[in-house]
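# Commentary on secondary and tertiary structure
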Amino acid sequence: MLTREVLAAEGARGLTFRAVDAAAAVPPGTVSNYFGSRDDLLTQAGARVYERLIPDGAPAAEPGDRARAMRELVERIAAFRSGYLALLELRLEATRRPELREVLTARVRADIDATVAGHAAAGLPGDATSVRLLYLAMNWLIVERLTLPGVFTGEERDALVTAAVERLAG
């Protein structure tokens, strides 16, 4: 999705019909034929960028090795750098755009609820609050990795993930 790439590279303020037209190498005005306004473009981007961040299958780690599964999650999302940075841009823009905020809130809340339900269904240790705290910790670790990659080494990051899982979810 070229909108995601423009968001990641130029930020929400740089997301214009002209910028997406240029990224798509299409004649000027093409993108505006598909979106009624810039708000519509942002809202549609918010609905779509999150889809790619949701896992498409079972984690590679064994179910009993939750720390490894969380480390793999951090790496998988960090590998989709443009998508996560675009999502951060959209989150910031959502503070000013109620329709976008509504879309993102619903998407993120559904993901958190599904994660908590999956955790409970699998009979894993730790309660819903532990899962939510892990969600918050992993998200900020990903932000740190993508925006200031030198703050923690890979080894420090792995140790922090392991400590978070052990302390929060037993």
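In case you missed it, the structure is sitting above this.
Overview of the structure. (Residues numbered from 1 in each chain as written. Predicted model: local features only at pLDDT ≥ 70, side-chain atom pairs only at ≥ 80, totals over all residues. Heavy atoms only, no water.)

## A word on the side chain of R4
Quick note on the threshold: A run of DSSP states H or I qualifies as a helix once it reaches four residues; a run of E qualifies as a strand once it reaches two. Both are numbered from the N-terminal end. The rule is simple: take the accessible area with a 1.4 Å probe, protein chains only, and divide by the maximum for that residue type; under 20% is buried, over 50% is exposed, in between is partly exposed. We define a polar contact as two N or O atoms separated by no more than 3.5 Å, with the added condition that, inside protein, one atom must be a possible hydrogen donor and the other a possible acceptor, whereas residues neighbouring each other in sequence contribute only through side-chain atom pairs.
Structurally, R4 can be placed in helix α1 (residues 2–10). Residue R4 is classed as buried on the basis of its relative accessible area, which comes to 11%. Among the polar contacts made by the side chain of R4, one reaches the side chain of S82 at a distance of 3.3 Å.

## As for the side chain of S130
Inclusion rule: Whether two residues are in contact is decided by their heavy atoms: any pair within 4.5 Å suffices.
Residue placement: S130 occurs in helix α7 (residues 128–147). Judged by relative accessible area, S130 falls into the buried class, the value being 11%. Here L168 takes part through its backbone oxygen, which lies 2.6 Å from a polar atom of the side chain of S130. Contact partners of S130, with chain neighbours within four places excluded, come to L168 and A169.

## Observations concerning the packing of helix α4 (residues 66–79) against α7
Defined as follows: Between the N-to-C directions of two axes lies an angle of 0 to 180 degrees, each axis being a line fitted to C-alpha atoms and, for a helix, fitted only over the stretch in contact. With respect to orientation, any angle under 35 degrees is reported as roughly parallel, any angle over 145 as roughly antiparallel, any angle of 65 to 115 as roughly perpendicular, and every other angle as oblique. The hand of a helix crossing depends on one turn: near helix anticlockwise from the far one by less than a right angle means left-handed, and clockwise means right-handed.
Their axes nearest at 10 Å, the elements α4 and α7 cross at an angle of 45 degrees. Relative to α7, the element α4 lies oblique. For the crossing formed where α4 meets α7, the hand is right-handed. Contacts from R66, M70, V74, E75, I77 and A78 in α4 reach L134, M138, L141, I142, R145 and L146 in α7.

## Considering empty space enclosed by the protein
Leftover empty space is mapped by rolling, across the atoms, a probe with the size of a water molecule. To keep it simple, the criterion reads: Both cavities and pockets are sets of points on a 1 Å grid over the protein atoms alone; in a cavity a 1.4 Å probe fits but cannot get out, in a pocket the set is open with protein on both sides within 12 Å along at least five of seven lines, and lining residues sit with an atom within 4 Å of a point. Grid points are joined across faces, edges and corners, and a volume is the space filled by probe spheres set on the points. Only Asp, Glu, Lys and Arg are considered charged in this grouping, and only Ala, Val, Leu, Ile, Met, Phe, Trp, Tyr, Cys and Pro are considered nonpolar; every other residue, Gly among them, is considered polar.
Counting across every chain of the model gives one cavity of 30 Å³ or more. Roughly 40 Å³ of internal volume is contained in the largest cavity. Forming the boundary of the largest cavity are L141, E144, R145, L148, P149, F152 and R157. Here the lining of the largest cavity takes three residues from α7, the largest share from any one element. Of the residues that constitute the lining of the largest cavity, the class distribution is four nonpolar, no polar and three charged.

In short, shape yes, function no, at least from these values alone.
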